[in-house]
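Descriptive analysis of the structure
Here's the letter readout for the chains.
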Amino acid sequence: MAAVRIALAQINPTVGDLEGNRRLIERAIAAARAAEADLVALPELAITGYPPEDLVLRPSFVADNLRTLEELAPAATGITAVVGFVDRDGDRIFNAAAVIAGGRVEGVYHKHLLPNYGVFDEKRYFTPGDGILLGEVAGIRFGVTICEDIWSPDGPHVATAAAGAELIVNINGSPYHMGKGRERQRLLASRARENHVAFAYVNMVGGQDELVFDGQSCAFDAGGALLARGPQFAEDLLVYDHAAGLDTEGVRGSYSPEREGVRGSYSPERGVPVAPEMGSAEEV
C-alpha cells in the first residue's frame, strides 16, 4: 500500500515582507525534510502574506514575489512543497499555489472561487482560475485547491477527485471567528465523504490589521475521519503518515521559526496527532 508522509506548516507570514517570508518558508521546508516528510504544504499567499490587498496592484511587488518563488525553488530538493504566491499572466493576477520539487516549479494552480463578502475583497484584485492541478508523490496522486475553493459543494475539488486525486491539499489564509475551527472540520469531513478523497488542510497563524488567523491545520481520510489536527494560535509543523485507502498512522513533530530545522530532537510518536481544542471562551 502506497504511503506518504505529509507536513502541514502553519506559519506566521508578514504581509509585504517577501524576504522574511522566504526565510520562514525555507525553514519550514527544511524542518519537514528533517522529519522525513514527502510533501510539505504552506499557507495561502505565504510568500506575500495574507491579505496583500493593494500591494498586488503594484507590478514591481508582483514581480518581486515571483522572483522570491524562484529563489525558494532550490529549497525543495528531496521533498515536494506546495506554496501560496501571486501569479501573473499579462495584466491578470491570480491567487495561486505552486508545486515545487527537484529544485524547480513543477506546476501552478489558480484559485477558482474568490470570496467577496465580510472581510474578503478578492474579486477586486484577482482573476478566477479555471483548471485543476494534479501531482504525484510517493506513489499517491494529489490535487491542490485554495481556501474558498472547498466551501462550495461543487468547487474544483469535485473535478480534482474525479480526475483521480487520492488526496487534496488545500492551503488557507482563513481568519478566525468564534467556533470557526469546528465549522471547518465539519466542512472538510463532509467534502471528504462526498468525494471519497482525503484532505490535508493547512492554515496560517498570526494577525494582519483586524484579522486573526488561528491555525488548527488538519487532515481527514476519504471516509471523513479526523487524522491529525494542529494547535490553535501557535506556529507548528504537523506531520502525519497518510496511506492510500483508510489505513493511517500519525506522527507529530514541530519546528521553531527562530531556528533552522526542528525544535529539539524529532522523535515520532505513534498514534493520531490531534491537538486538543480550546473551549469557546478560551479561544476568544
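These remarks concern the structure in this document. (Residues numbered from 1 in each chain as written. Predicted model: local features only at pLDDT ≥ 70, side-chain atom pairs only at ≥ 80, totals over all residues. Heavy atoms only, no water.)

**Side note on the nonpolar core**
Counting 44 residues, the largest nonpolar core has Ile25, Ile29, Val40, Leu42, Ile47, Val83 and Phe126 as its most contacted members. Elements represented by at least two residues in this core include exactly strand S1 (3-10), helix H1 (18-34), helix H2 (59-72), strand S3 (80-89), strand S4 (92-101), strand S11 (211-214) and strand S14 (236-243). When residues of this core are assigned to their parent elements, the largest contribution, seven residues, is made by H1. Leu42 has contacts with Ala9, Ile11, Ile25, Ala28, Ile29, Val82, Val83, Ile171 and Val202, leaving out every residue within four places of it along the chain. (Core = buried A, V, L, I, M, F, W, Y, C linked by side-chain atoms within 4.5 Å. Buried < 20%, exposed > 50% of the residue type's maximum accessible area, 1.4 Å probe, protein only. Helix = DSSP H or I, 4+ residues; strand = E, 2+ residues; numbered from the N terminus. Contact = heavy atoms within 4.5 Å.)

**A look at the sheet that holds strand S9 (residues 198-203)**
If you trace the six strands from one edge of the open sheet to the other, you get S6-S7-S8-S9-S12-S13, paired in mixed fashion. The sheet terminates laterally at strand S6 (134-137) and strand S13 (226-229), the two strands that pair on one side only. Adjacent strand axes in the sheet meet at a mean angle of 20° when their direction is disregarded. Direction of pairing for S6 relative to strand S7 (residues 140-146): antiparallel, over a ladder of four bridges. Residue Glu136 lies in a different strand from S7, and its bridge partner there is Arg141. Running over the sheet, helix H4 (residues 180-195) touches S9, strand S12 (218-220) and S13 and is turned about 155° from S9. (Pairing = 2+ DSSP bridges. Axes fitted to C-alpha atoms, helices over the stretch in contact; angles between N-to-C directions.)

**Thoughts on the packing of H1 against H2**
Look at H1 against H2: their axes get within 10 Å of each other, and the N-to-C directions meet at 25°. On the basis of their axis angle, the class for H1 and H2 is roughly parallel. In this structure, H1 meets H2 at a crossing whose hand is right-handed. Where H1 approaches H2, its residues Leu18, Arg22, Ile25 and Glu26 are matched on the opposing element by Phe61, Asp64, Asn65, Thr68, Glu71 and Leu72. Its residues assigned to classes, the contact of H1 with H2 comprises four nonpolar, two polar and four charged. (Parallel < 35°, antiparallel > 145°, perpendicular 65-115°, else oblique. Left-handed = near helix turned anticlockwise from the far one by under 90°. Nonpolar A, V, L, I, M, F, W, Y, C, P; charged D, E, K, R; others polar.)

**Section: H4**
With 16 residues, H4 ought to run about 22 Å at 1.5 Å a step, and its terminal C-alpha atoms sit 23 Å apart, in line with that. Where H4 is buried, its residues contact helix H3 (156-162), S9, S11, S12 and S13. Looking one or two residues past H4, His196 carries a phi angle of roughly 55°, positive in sign. (Expected span 1.5 Å × (residues − 1).)

**So, the pairing of S13**
Sheet topology places S12 next to S13; three bridges connect them, and they run antiparallel. Pairing of Phe220 across the sheet is with Leu226, part of S13. The loop that links S12 with its antiparallel partner S13 comprises five residues; one of these, Gly224, has a positive phi angle of about 90°.

**Focus on the side chain of Ser174**
Tracing the backbone shows Ser174 in the loop between strand S8 (167-172) and H4. Here Ser174 falls in the buried class, since its relative accessible area comes to 3%. Here Lys180 takes part through its side chain, which lies 3.3 Å from a polar atom of the side chain of Ser174. Here the side chain of Ser174 touches Arg184 through a polar contact of 3.0 Å, side chain to side chain. Setting aside chain neighbours within four positions, we find Ser174 in contact with Cys147, Lys180, Arg184, Tyr201, Asn203, Phe213 and Asp214. (Polar contact = N/O pair within 3.5 Å; in protein donor to acceptor, adjacent residues only side chain to side chain.)

**Some words on H1**
Taking 1.5 Å per residue, 17 residues should reach 24 Å; H1 reaches 24 Å between its end C-alpha atoms and fits that length. For H1, the full list of buried residues reads Leu18, Gly20, Asn21, Arg22, Leu24, Ile25, Arg27, Ala28, Ile29, Ala31 and Ala32. Here the buried face of H1 lies against S1, strand S2 (39-41), H2, S3 and S14. Count one or two residues on from H1 and you reach Glu36, which has phi positive near 65°.

**Notes on unusual backbone geometry**
In terms of backbone geometry, most residues other than glycine have negative phi values and most peptide bonds are trans. Residue Pro51 is reached from Tyr50 by a cis peptide bond, and omega for that bond is -5°. Structurally, Pro51 is set in the loop between S2 and H2. At Leu45, a residue that is not glycine, the phi angle is positive and equals roughly 50°. Among the structural elements, Leu45 can be located in the loop between S2 and H2.

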